[in-house]
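So you can see what is in the structure, the chains are spelled out below.
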Amino acid sequence: MTSLIDVIFLLLLFFMLSSTFSRFGAVELMAAGQGSGDSATSRPVFLRLAANHLLLNGETVALEGLADRLQLLTADLAEADAQGTQVLVSLTAEVSSQRLVDVLAVLRRQPGLAVAVLG
């Protein structure tokens, strides 16, 4: 007769080996650092993220319409700046991490954007 600890050990070993470990998705963040101040020709896009609304350059925009508005803005700014458009995301205190991830997912799908999250 086997002891109880041997049975528990075998069950633990079985479940550890049979379980699958999924890789969690990572969101890349670039913290805004010190600037050199030499890029006077490029104008950044300011995105203020609140718990229930978004402000893109001071105008209220829905999350669903953010991609379209960014395409219009970046098309205008792309003529003046060949390096791409920098988007500065500012957060309010009540913003949840899920809302931030949703906005970053929309921003990531847009080509030519450099996203920086302000603290």
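Everything in this summary refers to the structure shown in the same document. (Residues numbered from 1 in each chain as written. Predicted model: local features only at pLDDT ≥ 70, side-chain atom pairs only at ≥ 80, totals over all residues. Heavy atoms only, no water.)

What follows concerns the environment of Ala114. Here Ala114 shows up in strand S5 (residues 113-117). A sequence separation of 28 residues divides Ala114 from Gln86, and the C-alpha atoms of the two residues are 4.6 Å apart. The residues touching Ala114, leaving out its near neighbours within four places in the chain, are Thr85, Gln86 and Val87. (Helix = DSSP H or I, 4+ residues; strand = E, 2+ residues; numbered from the N terminus. Contact = heavy atoms within 4.5 Å.)

Ranked by internal contacts, the top residues of the largest apolar core, which has 18 residues, are Leu47, Leu66 and Leu107. Tallying contributions element by element places helix H3 (residues 97-108) first for this core, with five residues. Those residues in contact with Leu47, other than ones at most four positions away along the chain, are Leu54, Leu55, Leu56, Leu66, Val87, Leu88, Val89, Ser90, Val103 and Leu107. (Core = buried A, V, L, I, M, F, W, Y, C linked by side-chain atoms within 4.5 Å. Buried < 20%, exposed > 50% of the residue type's maximum accessible area, 1.4 Å probe, protein only.)

All right, on to the packing of aromatic side chains then. Applying the stated rule across the entire model yields one aromatic pair. Between the aromatic rings of Phe14 and Phe15, the centroid separation amounts to 5.2 Å while the plane-to-plane angle is 65°, which identifies the pairing as edge-to-face. Judged by its relative accessible area of 53%, Phe15 is exposed. (Phe/Tyr/Trp six-rings, centres within 6.5 Å; stacked < 30°, edge-to-face > 60°.)

Time to look at unusual backbone geometry. Unusually for a residue other than glycine, Asn57 sits at a positive phi of about 55°. Within the fold, Asn57 resides in the loop between strand S2 (54-56) and strand S3 (59-61). The class for Asn57 is partly exposed, based on a relative accessible area of 38%.

What follows is about the sheet that holds S3. Taken together, five strands build an open sheet; the order of strands is S3-S2-S1-S4-S5 and the sheet is mixed. The open sheet has two edge strands with one neighbour each: S3 and S5. Between one strand axis and the next, the sheet turns through 25° on average, direction left out of account. Bridge count between S2 and S3: three bridges; the pairing is antiparallel. In the sheet register, Leu55 faces S3, and the bridge partner there is Thr60. (Pairing = 2+ DSSP bridges. Axes fitted to C-alpha atoms, helices over the stretch in contact; angles between N-to-C directions.)

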